[in-house]
Amino acid sequence: MLAEELVLKQRTKILHALCSSGSAEHLERVLDILLAQGALIWEDYQNIQVPGRTLYTNARQLLDLVYTKGVDTCGLFLHALKLVLPEAQAVGLSFSESCSNLEENDECQSTSNQTLLAQRPSLVHKLQGCVDGVLEALLDSGHFSSADCDEVRLPIYTPTQQARRLLDHVRSRGDLAASVLLQYIHQKQEPGLPLNQRELTPPKEFLTYQKKLSSSVSAQSCFLSTYGGTSHMSLDDIYTDGELELAEVNAHGPLGLEDIVGLAGIVNEEADTVLVSGEAGSGKSTLLQRLHLLWARALALQDFLLLFPFSCRRLNSEHNELSVQELLFQHCCWPDRNQEEIFQFILDRPHQILFTFDGLDELKQSFTDDHRVCCPTQRAPVHVLLFNLIQGSLMKGVQKVVTSRSEAVSPLLKKHLRKEVVLKGFSPAGIDCFVRKHHRDPTVAAKVLESMQANTALLGLCHSPVLCWIVSQCHKELLGCGEGSPKTITDVYLMILQHFLQHQSLLKSTMGLGWLQEHLKTVLLLGQLAFEGIRSTCYIFSGTDLEACSVTEKDICMVFLIKSKDMSSTHSKCYEFSHVTLQCFFAALFIVLSSNTNRSVIPKLFELENMRETGLTRVCFGACLPSSDQQQQASEKESKAAETPNLQITAMFVSGLLSQRHQNLWLHCCPSAAVEKKARQVAKCLSKGMQKHFRSIPQPVQGEKKSMHAMPDFVWLIKCLYEMQESQIAKDAMSKLEVDHLKLTYCNIGPVECTALAYVLQHLRNPVGLQLDNNSVGDVGVEQLLPCMHICNSLYLRNNNITDEGIHKLIAKVIQCDSFQKIALFNNKLTDACMQDFSYLLKTKQVFISLRLGNNNITAEGAKQLAEGLKANQTLAYLGLWGNRIGDAGTEALASSLEKSNSLVWLSLVGNGVGSAGACALANLIRKNTSLQELWLTENCITRMGVEGLIQALKHNTYVTSVWLRNNDLSLEDAEEMKQLESRLIF
């Protein structure tokens, strides 16, 4: 099919793919490529990117223009789209093969301005992180004014948008300004960025080694290695992008894989280490594997000549002291010859080398900077080398990417980070994409997805890639489950246990309860191995370790254990659980089913104490524990923090397994009295843990509400309560919580945690304000929170990736909740499409007092819809719409609707493109309204005429205390004059 026909036929799908995220980043990246290729001229670009116009309108304009330019431009457009769109958003789109190789034009351009266009995509990338430096250079050279710089730096712009606005402004100032920018970037690259490969041709022996390393990395990465990768599933066939976000910079669009080592979001220019953090099972190892494969195939990260991948889990097995050279060559790839020359080349070109360390949280030692090593030829314990590489004492300039669970990252480590990228798991589109890849039969995939959609709790669980894999793997059990779909994480892991045990069973029993009893011996043996491993921070087991636990080949064939790719020469054959969460699950099974565990195991587990002295006969793991007592004590002291995340997961599974819902499973496996006793122990531990948190709540300052700022451990206890599914225990635990405001910011709250929170919080006796800012709630998480909305009087969901779909469901629920009065949703992905819902909320709830929707994608059209609701509401006191794009037309509609309000005291329209026409409308509002006290109009386009109108209105109003007008279209002289005329104006 011709490219023109594909563009026309797929128009609706392309529009959705470009715009559905609410971010303009995808559209702007496509425009960058088309400008660089000469498919669009500058006038085309200006006609498409009209300020104040909606994202969908701009995208439609581009599609119209591309189509009229003919088949070649359509082909370029489709290929650009293929490069730009994340895999999940490109599902269902067909791309033309007519243009398969887009390259930037590196030929010398006749003018600097032409170079800005021809190299626009790479310039946007290079400018991130150095926009301020370029602006300073342009200011010094006289090409830019302070107002120009402020316009580029507007906080509503993402780093890439700032880079594009800078390029646009520079182009309008002529060739000399463009030369200043290009010269700055060239100078910036010289000391810090990778050298152009053409400037330095590596020696022949290095290229031979590079080829060998690439081949080795490719061979290790081409098949999925996590989730029990024994099925040799091609990574290309199954890999699905997860959601990547910067931990520190909120105003940034979606990140791609190469952005991990890119310039966006850098918080420490001097550091070399990037942390990729995420929950257990969020896909960190698979993401690194994908990066490795793309590098080996020369499809990404081509600024790096060599990439050395390491697994911290496997480095635990290395007991010899090594130098950096030995670490690289023994654990990654050994050069056939010229080892010294190759290592010297690496030392001379550190900025062209990349190290990756997967699973820092699985290292037995906690991070410390006590022992410094600076010489790359000096030998030291492997963990000491790793810590010095991370902090930059060793191999300064080499970029390092480290993965870890976020809760295992200490403040000490964070001060050595260049930036932190958070992997949030699958988006709803990612779940759909993964399931369809996992099941080649579209009918089966559709049925699995239908089952997930029908059970929102299960859908929430599937945002975790490992749980999504389990549910997909067990699709027959899922579709044939007569007792209802899984609700908890424990349910999902019991499903995978049943799936593999029944697969191996000679009896081939279907859904009966005898499947566990039949394989009880194997479960206990694997459970003991897992339990001992969790206690000693051991994740790789030698043959000797398996023998000590009486684990046989028959037990290994159950596929819960897989062969480990251990690089150490001391072990011929080693095994590991197919995923660390599966090891935690088997450890929990052992705690529940074994009669050999000490009664103190459960209390110690929930108090997160050292589990080494539990009264259970030790298994001596030669591969895991140092030999001498002194080493053992040192290791135990260092590794305690690293154990905590896995102990918490194990405790969560113990809670779920001891639920009344699963009592029938244990009937013929262990005495009922013992199970009931353990269940009572867990309930007591959970109650005790919650009371400890409640006692830590400080008394409120007089006149303020009582607030509890919950810690991550509180969220863990909540999840344990949910896993138990015992409403009375949850009710008893929450009965003593008496606060007005519950704050859970930066607590890694995703859909799974939202389900648990709603289950527990619905038992509160009095309404609370629930603050979940800066988490990963998303639309599915919003839906999971609905059962506890009746107990919430306010909800704060800043920076949570929420779209119009989630808002539609939320509003439908809260209008039924008598106590609900406030909502804050700034920095999400809301558009005009949800303004009708807010309008309905304002019309329906005459007790609603605060609506804050800042930094979303609301335009004049959305403001007009909201105005309809404001006309009918007489209780709203606070309205925040900063950082949107409502313009003059939207401002006029809002001002008109609020003229008769006798409740509004605070209104923010900061950064909304409001001009003098909008200011005049607000002047009318000031004349007629008698309740408004503060008006925020900072960072708009208001001129002297607009301010004069506000001054005249203020003469008739004594209620307004301040009008904020900083950073508008006024000279310093105008601002000073206006301030003299009206003291309530703040410039």
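Since we're looking at a predicted model, the values are computed, not measured.

Cut-off values and rules
Counting from 1, residues in each chain are numbered in the order their sequence is written. Local features in a predicted model are, by the rule used here, given only for residues with pLDDT of at least 70; side-chain atom pairs are given and counted only at 80 or more, and totals for whole chains, interfaces and linings are based on all residues. Derived side-chain values reflect all non-hydrogen atoms in the structure, with water molecules and hydrogen atoms excluded from consideration. pLDDT is defined as a per-residue confidence score from the predictor, taking values between 0 and 100. Two residues form a contact once any of their heavy atoms are found within 4.5 Å. Numbering of helices and strands runs from the N terminus; a helix is a DSSP stretch of H or I covering at least four residues, while a strand is a stretch of E covering at least two. Whenever two N or O atoms come within 3.5 Å, that pair is a polar contact, provided that in protein one can donate a hydrogen and the other can accept it, and provided that, for residues adjacent in sequence, both atoms are side-chain atoms. Only C-alpha atoms enter the line fits that serve as axes; for helices the fit covers just the stretch in contact. Angles between N-to-C directions range over 0 to 180 degrees. An angle counts as roughly parallel when it lies under 35 degrees, as roughly antiparallel when it exceeds 145, as roughly perpendicular when it falls between 65 and 115, and as oblique in every other case. Helix crossings are classified by the rotation of the near helix relative to the far one: an anticlockwise turn of less than a right angle makes the crossing left-handed, while a clockwise turn makes it right-handed. Each residue is assigned to one class: nonpolar for Ala, Val, Leu, Ile, Met, Phe, Trp, Tyr, Cys and Pro, charged for Asp, Glu, Lys and Arg, and polar for all the others, Gly among them. Any pair of Phe, Tyr and Trp rings, taking the six-membered ring for Trp, is counted once the centres come within 6.5 Å. Such a pair is stacked with planes under 30 degrees apart, edge-to-face with planes over 60 apart, and tilted for the rest. Any residue under 20% of the maximum accessible area for its type is buried, any over 50% is exposed, and the rest in between are partly exposed; the area is computed with a 1.4 Å probe on protein chains only. Whether two strands pair depends on DSSP finding at least two bridges between them.

To continue, consider the confidence of the model for the protein chain. Put simply, the protein chain has an average pLDDT of 85, and 89% of its residues get 70 or more. For the stretch residues 506-511, pLDDT sits under 50, and the model shows 11 contacts to residues farther than four places along the chain or on other chains. Note that pLDDT drops below 50 for residues 567-571; the model gives that stretch nine contacts with residues more than four away or on any other chain.

Right, let's get into the environment of Thr68. Looking at the element boundaries, Thr68 is found in helix H5 (residues 55-69). C-alpha separation for the pair Thr68 and Glu4, spaced 64 residues apart in sequence, amounts to 9.0 Å. Among the polar contacts listed, one links the side chain of Thr68 to the backbone oxygen of Leu65, at a separation of 2.7 Å.

Let's shift gears to the packing of helix H3 (residues 25-37) against H5. Following both chains from N to C, one finds H3 and H5 inclined at 30°, their axes separated by 11 Å at the closest point. Considered as vectors, H3 and H5 are oriented roughly parallel to each other. Once H3 is placed against H5, the crossing between them reads as left-handed. Counting all contacts with H3, which are made through Leu27, Val30, Leu31 and Leu34, the residues of H5 involved are Leu55, Asn58, Ala59, Leu62 and Val66. For the contact of H3 with H5, the residue count by class is eight nonpolar, one polar and no charged.

Taken as a whole, this structure holds 26 aromatic pairs when the rule is applied. Geometrically, the ring pair formed by Phe308 and Phe355 is edge-to-face, given 5.7 Å between the ring centres and 80° between the ring planes. With Phe308 in strand S3 (residues 306-311) and Phe355 in strand S4 (residues 353-358), the pair connects residues that are 47 residues apart, well separated along the chain. Summarising the burial analysis for this pair, Phe308 and Phe355 share the class buried. Between Tyr722 and Tyr759 the ring centres are 5.4 Å apart and the planes differ by 80°, which places this aromatic pair in the edge-to-face class. Residue Tyr722 is located in helix H35 (residues 712-724), and its partner Tyr759 is located in helix H37 (residues 751-761); the two are separated by 37 residues in the primary sequence. The exposure class assigned to Tyr722 is buried, which follows from its relative accessible area of 7%.

Hydrogen bonding along the main chain pairs the strands of a sheet, whether they run parallel or antiparallel. Taken together, the six strands give an open sheet; going across it, the order is S1-S6-S2-S5-S4-S3, and neighbouring strands pair in mixed fashion. Every interior strand has two partners, whereas the edge strands, strand S1 (244-246) and S3, have only one. Neighbour to neighbour, the strand axes of the sheet diverge by 20° on average, direction disregarded. As defined by bridge partners, S1 adjoins strand S6 (residues 417-423) across three bridges and the pair is classed as antiparallel. Each bridged residue has a counterpart across the sheet, and for Leu246 the counterpart in S6 is Val421. Packing of helix H19 (residues 382-391) onto the sheet brings it into contact with strand S2 (273-277), S4 and strand S5 (399-404), and relative to S4 it is tilted by some 125°.

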